[in-house]
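Architecture and fold: a report
The lines below spell out each chain.
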Amino acid sequence: MRPFLLAFLSLILAAGARAQPAAFRVETFASGLENPWGAAVLPDGRMLVTERPGRLRLVGRDGRLSPPLAGVPQVEAAGQGGLLDIALAPDFARTRELYLCQAAQVPGGVLTRLVRARLSRDARALQRLRPILDATPPQANGRNHYGCRIAFGRDGALFLSTGERNETKLRAQRLSDLGGKVLRLGRNGAPLRDNPFAGRAGARAEIFTYGHRNPQGLAINPWTGSLWEAEFGPLGGDEINLLRPGRNYGWPVVTHGRDYDGTPIGEGASRPDMEEAIHVWLPSISPSGIAFYTGSAFPAWRGSLFVAALNPPGLVRLSTEGDRVTGEERLLTDGPRLRQVVQGPEGALYLLTDEAEGRILRLVPAR
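Residue numbering note: each chain is counted from 1, following its sequence as written. At least 70 in pLDDT is required for a residue's local features to be given in this predicted model, at least 80 for side-chain atom pairs to be given and counted, and no such filter applies to totals for whole chains, interfaces and linings, which use all residues. Each side-chain value is derived from all of the structure's non-hydrogen atoms; neither hydrogens nor water enter the calculation.

**Looking at the state of the cysteines**
Cysteine sulfur atoms that come within 2.5 Å of each other are treated as a disulfide pair. Within the structure shown, the criterion is met by one disulfide. The residue that forms a disulfide with C101 is C148, at a sulfur-sulfur distance of 1.9 Å. Every disulfide takes its handedness from the sign of the S-S torsion; for C101 and C148 that torsion is -100 degrees, giving left-handed. Taken together, the residues span a long stretch of sequence, with C101 in strand β8 (residues 97-106) and C148 in strand β11 (residues 147-152) at a distance of 47 residues. Residues C101 and C148 agree in their burial class; the two are buried. Numbered from the N terminus, helices here are DSSP runs of H or I no shorter than four residues, and strands are runs of E no shorter than two. For the exposure calls, accessible area comes from a 1.4 Å probe over protein chains only, and a residue counts as buried if that area is under 20% of its type's maximum, exposed if over 50%, partly exposed in between.

In structure tokens, the structure reads:
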């Protein structure tokens, strides 16, 4: 594991950031992955990592990859689809239960699907695999904007993000449609009784928030318990949102971005009856996975939200105070496309590169 990059200070530190820059180095922790997308750290420090073409690998504490695990569901590996996120159940140490998010082919088209399974005792296979939610309706055309991140709230609720699938943007505004939403579910995939639209005629009870484009970041703020989301804008207008039950986050009625041909989308950047993002990027950085930092390896970063981005700057640190963003630091500005960031048990940060010859990079304190 030789370091390929030594970085001491970020190139940009926003004036509002309160933490001091931290010295770090970047190591290649693992290689040989094809478009890694999601990661979950096991209680023993090993890591389960999805590969978008449809494989699941166990990564040892030394960075060695296992053969592909058996029992992984068949996926629609086209466009932006495939085997996407993975998350451990809160009681994984006892139940070995985990959840996967994928693109799935069904009669009528393709959709975002949530799957529940158990990891075998020898960690070589998935067992008791069962699809528990399909983000209907399916879509015949297009293979983009699946969303597909999973997070667990303090109360054990499962949150799942879904994209609006790009072909019909107004799916995000339709309460009868599970596309372009963040859903709040029980462990069996059913809507929870206290969800904001439970019992409302014409609305899906699974919906927690709506008006989302392609939300690929979900994380619970460990200090406040709130749910934060990262969302791709079109040409500009990437967002960080603080999600509150039943709220409309605007897409495609309001956005800070424009269509890819430069034309306006919707009615403008804001509307009084729709929620404002708490942080916006213009131009786009293409934010994907996010993670709050709670470790001790980088004391100056404790309380920060890290954002993995597909475009430069690659990795972004947002300093926070409660449920506010107070500053931005840009890291790895010359690095590869990053799909996900997770914190290891020792306090290092692990980054999944979105590459055909994908890697897991590790950020550790500089010597």
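Having seen it, we continue.
**Topic: the pattern of salt bridges**
Just to be clear on terms, a salt bridge is a Lys or Arg side-chain nitrogen sitting within 4 Å of an Asp or Glu carboxyl oxygen. Throughout the structure, instances matching the rule amount to 26 salt bridges. Two residues, R187 and E97, come together in a salt bridge whose shortest N-O distance is 2.7 Å. With R187 in the loop between β13 (181-185) and β14 (207-210) and E97 in strand β8, the pair connects residues that are 90 residues apart, well separated along the chain. Linking R113 and D134 is a salt bridge whose minimum nitrogen-to-oxygen distance equals 2.7 Å. With a gap of 21 residues between them, R113 in strand β9 (residues 109-119) and D134 in strand β10 (residues 126-134) connect regions that are remote in the sequence.

**Some thoughts on the packing of aromatic side chains**
Stacked, edge-to-face and tilted labels apply to pairs of Phe, Tyr and Trp rings (six-membered ring for Trp) whose centres lie within 6.5 Å, assigned for plane angles under 30 degrees, over 60, and everything in between, in that order. In total, this model carries 11 aromatic pairs according to the counting rule given. Ring centres of F24 and W301 lie 5.8 Å apart, and the angle between their planes is 55 degrees; on these two criteria the pair is classed as tilted. Of this pair, F24 sits in strand β3 (residues 24-33) while W301 sits in the loop between β19 (287-292) and β20 (305-309), placing them 277 residues apart in sequence. With respect to class, F24 is no different from W301; both count as buried. Aromatic side chains F29 and Y350 sit 5.1 Å apart centroid to centroid with 75 degrees between the ring planes, which places their arrangement in the edge-to-face category. Here Y350 lies in strand β24 (residues 349-353) and F29 lies in strand β3, a separation of 321 residues in the sequence. Exposure remark for Y350: the relative accessible area of 6% places this residue in the buried category. Each residue in the set F24, Y293, F298, W301 and F306 is aromatic and connected to the rest through ring pairs, giving one cluster. Here the guanidinium or amino end of R213 rests over the ring plane of W251, the centre of that ring lying 5.3 Å away. Note on geometry: a ring has a charge over it if NZ (lysine) or CZ (arginine) is within 6 Å of the ring centre and within 35 degrees of the ring normal.

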